[in-house]
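Here is how the chains run, residue by residue.
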Amino acid sequence: MELVTNETFTAKFAVDSNKDGVPDKYQIKFTYVSNDETILTVKDATTTDPKVEYITRALNSDGTYSTTNPASPTGTGITKTVAKPGLFKFNGWKAYVLNSGAKEYLKDGANDIYVLDDAGLAGLSIDTPQTEVFIEAMNTRIGYVANFKIDPADGKFTNTTDAVTSADVLIGSSPTAPSFTSEPARKFVGWYDETDTDKNIVDLSKTKITDKDLTFVGKFMDEKDVSITDDIVLTGKGFTINYADLTSLTKDDVITKSDAKSWSSATGDKFNPTISDDDLAKIKAVGPEGGIVTVTLTVVENGKTVTRDIAVVVKGVSTNTDPDSSIGITAVGHTMSNDAASQYDVDEAILRAKAKAIDVTYNTEVSVTPNAQDIENIKSTGVEGGFRKQRFTAEKDGKIAETSVNVIIEGTQTSVENGGSDSLALTATGFSLTITDALALTGEGSIPLGKAQSLLVVSDKEVTEITANQADIDAINNVSENGGIFDLTYTSSATIDGVLVITSVTVKVVVAGDNVAVNGNLGIYATDFVIPFDSAKGLTSEEAIKKAAISCGMPYVNHRWLGGMLTNFGTIKKSIRKLEIIKKM
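Residues numbered from 1 in each chain as written. Predicted model: local features only at pLDDT ≥ 70, side-chain atom pairs only at ≥ 80, totals over all residues. Heavy atoms only, no water.

> Please give an account of the pattern of salt bridges that cites residues and values.
Counted by the stated rule, this structure contains 17 salt bridges. A salt bridge links Lys 304 to Asp 231, with the nearest nitrogen and oxygen atoms 2.7 Å apart. Placement of Lys 304 in strand S20 (residues 304-315) and of Asp 231 in the loop between strand S14 (226-229) and strand S15 (232-235) is noted, with a sequence separation of 73 residues between them. Using a relative accessible area of 16% as the deciding quantity, one classes Asp 231 as buried. Among the ionic pairs, Asp 324 bridges to Lys 399, the shortest N-O distance being 2.4 Å. (Salt bridge = Lys/Arg side-chain N within 4 Å of Asp/Glu carboxyl O. Helix = DSSP H or I, 4+ residues; strand = E, 2+ residues; numbered from the N terminus. Buried < 20%, exposed > 50% of the residue type's maximum accessible area, 1.4 Å probe, protein only.)

> Which residues make up the sheet that holds strand S23 (residues 334-336), and what values go with them?
Pairing is mixed across the open sheet formed by four strands, whose spatial order is S23-S28-S27-S26. Looking at strand neighbours, the two that pair on one side only are S23 and strand S26 (368-370), the edges of this open sheet. Strand-to-strand twist of the sheet, defined as the mean angle between neighbouring strand axes without regard to direction, takes the value 35°. Note: S26 against strand S27 (residues 386-396), three bridges, orientation antiparallel. (Pairing = 2+ DSSP bridges. Axes fitted to C-alpha atoms, helices over the stretch in contact; angles between N-to-C directions.)

> Any details on empty space enclosed by the protein? Residues and values, ideally.
On inspection of all chains with the given rule, the structure shows one cavity of 30 Å³ or more. Lining the largest cavity are Val 317, Ser 318, Gly 333, Lys 389, Ser 404, Val 405, Asn 406, Val 457, Val 458 and Asp 460. Broken down by element, the residue count for the lining of the largest cavity peaks at three residues, all from strand S28 (residues 399-409). Split into classes, the residues belonging to the lining of the largest cavity amount to four nonpolar, four polar and two charged. (1 Å grid on protein atoms, 1.4 Å probe; cavity = no way out; pocket = protein on both sides within 12 Å on 5 of 7 lines; lining within 4 Å. Points joined across faces, edges and corners; volume = space filled by probe spheres on them. Nonpolar A, V, L, I, M, F, W, Y, C, P; charged D, E, K, R; others polar.)

> Quick rundown of the sheet that holds strand S19 (residues 291-301)? Include the residues and the values.
Spatially, the three strands line up as an open sheet ordered S16-S20-S19, and their pairing is mixed. Two strands lie at the open edges of the sheet, namely strand S16 (239-242) and S19, each paired on one side alone. Across the sheet, the mean angle from the axis of one strand to that of its neighbour is 35°, orientation sign disregarded. Bridge count for S19 against S20 is 11 bridges, and the pairing is antiparallel. Residue pairing in the sheet places Leu 297 in a bridge with Arg 308 of S20.

> Help me get a handle on the environment of Pro 85, residues and values and all.
Tracing the sequence through the fold places Pro 85 in the loop between strand S4 (78-82) and strand S5 (88-99). Each C-alpha atom of the pair Pro 85 and Ile 142 lies 8.5 Å from the other, and the pair is 57 residues apart in sequence.

> I'd like a description of the packing of aromatic side chains, backed by residues and values.
On inspection of all chains with the given rule, the structure shows 12 aromatic pairs. Seen from their ring centres, Tyr 26 and Tyr 65 are 5.1 Å apart, and the 25° between their planes marks the pair as stacked. Taken as a pair, Tyr 26 in the segment before strand S1 (27-34) and Tyr 65 in the loop between strand S3 (52-56) and S4 lie far apart in primary sequence, 39 residues in all. For the pair Phe 148 and Trp 191, a centre-to-centre distance of 5.1 Å together with 75° between the ring planes defines the contact as edge-to-face. In this pair, Phe 148 sits in strand S8 (residues 143-149) while Trp 191 sits in strand S12 (residues 186-193), placing the two residues 43 residues apart along the sequence. The class for Trp 191 is buried, based on a relative accessible area of 4%. Among the aromatic residues, those joined into a ring-pair cluster are Phe 148, Phe 180, Phe 188, Trp 191, Phe 216 and Phe 220. The ring of Phe 90 is capped by Lys 80, whose NZ or CZ atom sits 4.7 Å from the centre of that ring. (Phe/Tyr/Trp six-rings, centres within 6.5 Å; stacked < 30°, edge-to-face > 60°. Lys NZ or Arg CZ within 6 Å of the ring centre and 35° of its normal.)

> Pulling in residues and values, what's your account of the layout of surface pockets?
Using a probe with the size of a water molecule, rolled over the atoms, empty space left in the structure can be pinpointed. Of the pockets and cavities examined, the second largest pocket occupies roughly 390 Å³. Contributing to the lining of the second largest pocket are 20 residues, with Lys 219, Met 221, Thr 235, Lys 261 and Trp 263 lying nearest its centre. Contributions of two or more residues to the lining of the second largest pocket are made by strand S13 (214-222) and strand S17 (261-264). A per-class count over the lining of the second largest pocket returns four nonpolar, seven polar and nine charged.

> Tell me about unusual backbone geometry, and please be specific about residues and values.
The backbone of Lys 19 sits at a positive phi, close to 55°, despite the residue not being glycine. Along the chain, Lys 19 turns up in the segment before S1. According to the relative accessible area criterion, Lys 19 is exposed, its value standing at 71%. In this structure, Ser 100 is a non-glycine residue whose phi angle is positive, near 55°. Looking at the element boundaries, Ser 100 is found in the loop between S5 and strand S6 (102-105).

> Which residues make up helix H3 (residues 277-284), and what values do they have?
Among the residues of H3, those classed as buried are Asp 279, Leu 280 and Ile 283. For H3, the buried positions fall inside an angular range of 100° around the axis, keeping them on one side. Within H3, the exposed residues directed more than 90 degrees away from the buried face are Asp 277 and Asp 278. The inward-facing, buried residues of H3 contact helix H2 (251-257), S19 and S20. (Arc of directions from axis to C-beta. Contact = heavy atoms within 4.5 Å.)

> Quick one: what's the story with the environment of Asp 514, residue by residue and with numbers?
Mapped onto the elements of the fold, Asp 514 is located in the loop between strand S36 (499-511) and strand S37 (516-519). Look at Asp 514 and you get exposed, because its relative accessible area is 57%. A C-alpha to C-alpha distance of 9.1 Å links Asp 514 and Ser 480, two positions 34 residues apart in sequence. Discounting chain neighbours no more than four positions away, the residues touching Asp 514 are Glu 481, Asn 482 and Gly 483.

> Which residues make up helix H6 (residues 372-379), and what values do they have?
Each α-helix turn comprises 3.6 residues. Residues three or four places apart therefore point the same way. When H6 is considered as a whole, its buried residues turn out to be Asp 374, Ile 375 and Ile 378. For H6, the angular spread of the buried residues around the axis is 105°, confining them to a single face. The N-cap of H6, judged by a side-chain oxygen 3.0 Å from the amide nitrogen of Gln 373 a few residues on, is Asn 371. (Polar contact = N/O pair within 3.5 Å; in protein donor to acceptor, adjacent residues only side chain to side chain.)

> Would you mind going over the pairing of S28 in detail, with residue names and values included?
Pairing between S23 and S28: three bridges, direction parallel. Its bridge partner being in S28, Thr 335 is matched across the sheet by Ile 408. In this structure, S27 lies alongside S28, joined through 11 bridges in antiparallel fashion. By the bridge assignment for S28, Gly 386 is matched with Ile 409. Hairpin remark: S27 followed by S28, antiparallel, with two residues in the connecting loop; positive phi at Asp 397, about 50°.

Geometry only, nothing functional implied.
See the structure below:
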């Protein structure tokens, strides 16, 4: 063979380094080394020292020595040790000489560097005048490391207490995930490549180790954020929408607004969540008052079904959220009798208004608190009834949501007509006039005087279609100089669910005159009456009051005028209401 070198060989005569009786110039020292001692070591199998052997060149036919006759290494008695056998392996031998400290590898006739296995090593024949040849063991990479990480807050590996565990994986093979246990409140949703900032779930069975180490991180979610069946993962959260936007709402909009996503924790395959037509219809059926609706996200894949309930808060007249839309609160305007109003309390307020609040993200209930002052205002409503407001508040984690509804108490001056999805309410109060004003009174002009007000209870819409009975107005216009007390009926109307709904209420109008006196909210009226002379002689004041009251069709007190009947009129009204309730018991 040819030795590719320009080195001039100089022999030292009769030098015998190994003391075997053969001068060095007739031998070749073969030193076995490794191309990387950290990966592959080459040792003498007996002494565990570096392997070295002196091979005497072939003798001439006459038995003499020559410096150019061939010599071959034996390659025996060698222990080769790979430090990481899962990642590297022995890959053959190369031979080189040192030329000014640089390696010069021996080549074959085709000018290719010799790479020999153990069996072929003995066939390496050196016939150049070299005294030392290095036989270099080569290694090659056969695998890389797959690392797996889990945050201790999420879980732990079963084979180690560390947050990272590793495994050697052959090139072209797929890593296998180690076993682990999750913390109770955390759910495993897949592995992702540590270098992937989007944290897309990978399919380990289709991930091949090729040219580098890989690190996979376990992705976990809080159990309240995710629904899982086997390896099918479904996420999604509640959302809010304005009532005005319901008309154009589609099923795809619901999926987008809820940020619904689904995938396989094993393969990373992505699926498409849906909602049913019925659920979409349920959302769109919410009225202008708004409301909170629960709908179900669903994924069906590979014979597995995963569902997740979410809250949809439709913001309307009496449905609201906190500024961050974290809490939704809803209630419905309603009506009640005067008797029921006297029993009104916190529980009744919540029950009658169907008040509820919810954590929008997690679809969990939040407690509702009705305003205490509003409750007292409703309880103190007199027999005349009236329009009231009830406010509600919900609070969680410093977030506050508020709403209010109409509460209509039916009474002598407040009426309600149910129209299906809503109710029409009307209230008014009696008022007094001078004779001059009475003569000029019109139906339209009487409405502000009677504080007539009408609205749709649930949708909280003002109804302006209020009219005064013209016959009643005519009677007031024809009042005499004596004055009088007149009935005035107001009527309002509105269309509810395509049907015309009408309600009315009657109040008293006091026209001050010769026979009528007015003091604040009180008017007193009497007319002349005739009695026989004989009867008049014994007429008492009690009888006179009674006859005067009867003559004009009014109630009267003729026995004892209760103290405070004028100055404490509000208390007297409450006492009368209580008496009426007792009579009905």
